[in-house]
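Coordinate inspection notes
Now for the letters of each chain:
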Amino acid sequence: MSLPVAFVVPAGAGLATVTALAVTVPVRRVALWLDLTDRPNPRKAHQRPTPYLGGVALILGCLLPVGLLVRPWSPHLVAIAVAGLFVAGLGLADDIRTLSMRTRLAAETLAATAVTLTAHPLVVSGVSWLDTIITVAWIVVMTNSFNLLDNMDAAAASIGTATAGVLGVSALVAGRPPVGLLLLFLAGGCLGFLAHNRPPARIFMGDTGSLFIGFVLATAAVLYAPSARGDSYAVLLLVTFVATVDTALVVIDRRRGGRPWHLGGTDHVSHRLHRLGLSTGQVAAVLFVAAAASTALSALVAAGAIPGWPAFGAGLTGAATAVALLLNVPVREHTPS
């Protein structure tokens, strides 16, 4: 028997927040006991060894209320949750013992394919099999783009809270309660974890958390995207606006400098905002507002309040402008290893 959404939303979001907040404490102790810490080096911004695996608590906070309060489970919800857990397990393995890029991409592609086959792929070419490949590729790229955002205290958790929260409300309004509830619980999990991850961070979410958040947001955006191409493109771009800008910035800058694109570095959006004089907390606040605003615009497009093609063009222009401006901000030099 399904519970009223008016009850499930506050109860589930509250449970997600409290669970992530409470479970992060023992997870941190386990990480310290196992010596699973992220140590400072020239390619990272933090200055002291910090335990990770915080993503385990975040994910538990997200999925516990799904298991307890959400009925019935739609095929889309089950697909995203199961595939998301698979990707999180991949991240956990990578946190404990670094995996090869080929292994990660292969596993992420498998998970993205499983979700895409349970839903409609993006309409890009009009050819079913090609659109399926494009959809899977987009999910994999966005999953890893969000993984790259986890580069400064509170950055990824702030963006995850804002994006999942706004998109979750939009999905509920659009009549997609199971996925909408999953997103709202994800926002609650991010918020609870954020209490421990705010500057100075006592724990990081690691690849376990960042890959899970990125995968859930990317797949939910695919399900939420309208069928019209202009509207679909606009929604996908705006939901992932911050991640898209950050990835484009890093890839362009590292290509110009002859550095590997996939290694860590202090050349992300967050680091450049910090170099402009913002504190770590202020950087997280700016990223939160940017993610919330762009996701809210995507909701207006999905609702038909804003035409898709103009919104897509404005989003592309805004992203290109942000990248061009941020490329002129100097970053700390480092030597790739």
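A brief look at the structure comes next. Within each chain, residues carry numbers counting from 1 in the order of the written sequence. Per-residue local features are limited, in this predicted model, to residues with pLDDT of at least 70; the limit for side-chain atom pairs, both in listing and counting, is 80 or more; totals at the level of whole chains, interfaces and linings are taken over all residues. Water and hydrogen atoms play no part in the side-chain values, which are based on all heavy atoms of the structure.

**Remarks on empty space enclosed by the protein**
Lining residues are those with an atom within 4 Å of a point, where the points come from a 1 Å grid over the protein atoms alone and group into cavities, where a 1.4 Å probe fits but cannot get out, or pockets, open sets with protein on both sides within 12 Å along at least five of seven lines. Grid points are joined across faces, edges and corners, and a volume is the space filled by probe spheres set on the points. Taken as a whole, this structure holds 3 cavities of 30 Å³ or more when the rule is applied. Within this model, the largest cavity holds a volume of roughly 120 Å³. Lining the largest cavity are 16 residues, with Phe146, Leu217, Val239, Thr240 and Ala243 sitting closest to its centre. Taken together, the elements giving at least two residues each to the lining of the largest cavity come down to helix H5 (128-149), helix H6 (155-173), helix H8 (206-224), helix H9 (229-239), helix H10 (241-257) and helix H12 (280-302). Only Asp, Glu, Lys and Arg are considered charged in this grouping, and only Ala, Val, Leu, Ile, Met, Phe, Trp, Tyr, Cys and Pro are considered nonpolar; every other residue, Gly among them, is considered polar. Of the residues that constitute the lining of the largest cavity, the class distribution is 11 nonpolar, 5 polar and no charged. The secondary structure listing takes helices from DSSP runs of H or I that are at least 4 residues long and strands from runs of E that are at least 2 residues long, numbered from the N terminus.

**Remarks on the packing of aromatic side chains**
The criterion for an aromatic pair is that two Phe, Tyr or Trp rings (for Trp, the six-membered ring) have centres within 6.5 Å, with stacked assigned to planes under 30 degrees apart, edge-to-face to planes over 60 apart and tilted to the rest. Following the criterion strictly, the structure yields 3 aromatic pairs and no others. With 5.5 Å between their ring centres and 80° between their planes, Tyr233 and Trp309 make a pair best called edge-to-face. Of this pair, Tyr233 sits in helix H9 while Trp309 sits in helix H13 (residues 308-326), and the two are 76 residues apart along the sequence. Classification of residues uses two cut-offs on accessible area relative to the type maximum, computed with a 1.4 Å probe and protein chains only: under 20% is buried, over 50% is exposed, and between them is partly exposed. A relative accessible area of 21% places Tyr233 in the partly exposed class. When the ring of Trp309 is compared with that of Phe312, the centres are 6.0 Å apart and the planes differ by 75°; the resulting orientation is edge-to-face. On the criterion of helical spacing, the pair formed by Trp309 and Phe312 is a turn pair, its members being 3 residues apart in helix H13. Linked through ring pairs, Tyr233, Trp309 and Phe312 together constitute an aromatic cluster.

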